[in-house]
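# Fold and contact review
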Amino acid sequence: KELDNVKNLKDSLVRFMMTYKFALDEVNTKINILKQEFQYADDYNPIEHVTSRLKSPESIISKAYRKGFGLTLSAIKENIRDIAGIRITCSFISDIYKISRMLQSQKDITLIETKDYVKNPKPNGYRSVHLIIQIPVFMSDRVDHVFVEVQIRTIAMDFWASLEHKIYYKYDGEIPSELKEELTEAAFTALKLDEKMEKIHDQVNKIKEHNQFESSLPFDG
Ligand code: 0O2
């Protein structure tokens, strides 16, 4: 009976998932607009790349089991807020906050939660800013308010996280302690690199501002 329930739930989930796909499409469009506008207006685009994914029905069900939520669509809809996930990779730490502010200021986006693992990294060294947002999806007969998880990180943070993620799955979550230590050290190196790059970025901006100021001065008679 339990297996039948899981199968029925899985079928309904396929339809349920469509709303999340539409929500992803909407947020992807928003990010694309920001990206193109940055390029035109600033000649500098802080968004390096964007990826998105829908959580598979299998991993939604296993998360619901693991967290002890009821196996109903409404319980899943309310409690699992990373079914639609978007990851934005940018160049500098300051860009993370710039992008985060821009998304939050859009009228149809409701910010539900911010997890700032850049200011408060996880013990293993994981850094990123996670926003749980909610956006309206207009269907033919209703408006659904859908949760989307937006992860914003630098290239260095992304490099570290993708390797750590692979290792985590390879060892089924039980990373040997020596490797764990090395990963935490690597996270620290990535942090130092981000800080160094931010400093250089600031210096370049100052030089640019100075040159713009100089060239705006009237010619000496
Ligand atoms: P995937 O394959 O990227 O979707 P949860 O961890 O989901 O039970 P919560 O509070 O929702 O609980 O998690 P949180 O802290 O917001 O982080 C969820 C997602 O952030 C993960 O999704 C990862 O994408 C990323 N993440 C968080 N911590 C780490 C980490 O230590 N290392 C790496 N590489 N990624 C991390 P999923 O579903 O685990 O994976």
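Residues numbered from 1 in each chain as written. Predicted model: local features only at pLDDT ≥ 70, side-chain atom pairs only at ≥ 80, totals over all residues.

## So, the overall build of the protein chain
In terms of helices and strands, the protein chain carries six helices and five strands. Overall size of the protein chain, expressed as C-alpha extent along the three principal axes, is 90 × 55 × 20 Å. A separation threshold of at least 6 residues defines the contact pool for the protein chain, and within that pool the share at least 24 residues apart is 65%. (Helix = DSSP H or I, 4+ residues; strand = E, 2+ residues; numbered from the N terminus. Contact = placed C-beta atoms within 7 Å.)

## Describing the UniProt feature "domain: RelA/SpoT" (unreviewed entry) in the protein chain
The positions that UniProt labels "domain: RelA/SpoT" (unreviewed entry) are, in the present scheme, residues 52–175. Helix makes up 37% of residues 52–175 and strand makes up 31%, while its end C-alpha atoms are separated by 26 Å. (UniProt positions renumbered as here; feature names shortened; annotations may be inferred.)

## Details of the nonpolar core
Ranked by size, the top nonpolar core spans 28 residues in total, and within it Ala-23, Val-148 and Val-150 carry the most contacts. Breaking this core down by element, the ones donating at least two residues are α1 (2–42), β2 (84–90), α4 (93–104), β4 (129–138) and β5 (143–154). The next biggest cluster of nonpolar side chains, apart from the first, holds six residues, and it includes Ala-156, Met-157, Trp-160 and Ala-161. (Core = buried A, V, L, I, M, F, W, Y, C linked by C-beta atoms within 7 Å. Buried ≥ 20, exposed ≤ 12 C-beta atoms within 10 Å, placed from the backbone.)

## Overview of the environment of Met-139
Mapping Met-139 onto the fold places it in the loop between β4 and β5. Once the C-alpha coordinates of Met-139 and Phe-22 are considered, the two residues, 117 residues apart in sequence, prove to be 9.4 Å apart.

## Things to note about the confidence of the model for the protein chain
Across the protein chain, the average pLDDT comes to 91, with 97% of residues at 70 or higher. Scored as a whole, the predicted complex attains pTM 0.90, and scored at its interfaces, ipTM 0.92. (pLDDT = per-residue confidence, 0-100.)

## What about the packing of helix α5 (residues 155–170) against helix α6 (residues 177–216)?
For the pair α5 and α6, the least separation of the axes is 9 Å and the interaxial angle reads 165°. Relative to α6, the element α5 is oriented roughly antiparallel. Of the two elements, α5 crosses α6, and the hand of that crossing is left-handed. From α5, Ala-156, Met-157, Phe-159, Trp-160, Glu-164 and Ile-167 reach across to α6, where they touch Leu-179, Leu-183, Ala-186, Ala-187, Ala-190, Leu-193 and Asp-194. Tallied by class, residues from the contact of α5 with α6 come to 11 nonpolar, no polar and two charged. (Axes fitted to C-alpha atoms, helices over the stretch in contact; angles between N-to-C directions. Parallel < 35°, antiparallel > 145°, perpendicular 65-115°, else oblique. Left-handed = near helix turned anticlockwise from the far one by under 90°. Nonpolar A, V, L, I, M, F, W, Y, C, P; charged D, E, K, R; others polar.)

## Digging into the sheet that holds β5
Taken in spatial order, the five strands line up as β1-β2-β5-β4-β3 in an open sheet, and their pairing is mixed. At either margin of the open sheet sits one strand with a lone partner, and together these are β1 (47–54) and β3 (110–116). Geometrically, the sheet is characterised by an average inter-axis angle of 25° between neighbouring strands, direction not taken into account. Where β4 and β5 come together, 10 bridges link them in antiparallel fashion. Residue Ile-132 lies in a different strand from β5, and its bridge partner there is Glu-149. Contacts between α4 and the sheet are confined to β1, β2, β3, β4 and β5, with β5 contributing the most and set at about 165° to the helix. (Pairing = 2+ DSSP bridges.)

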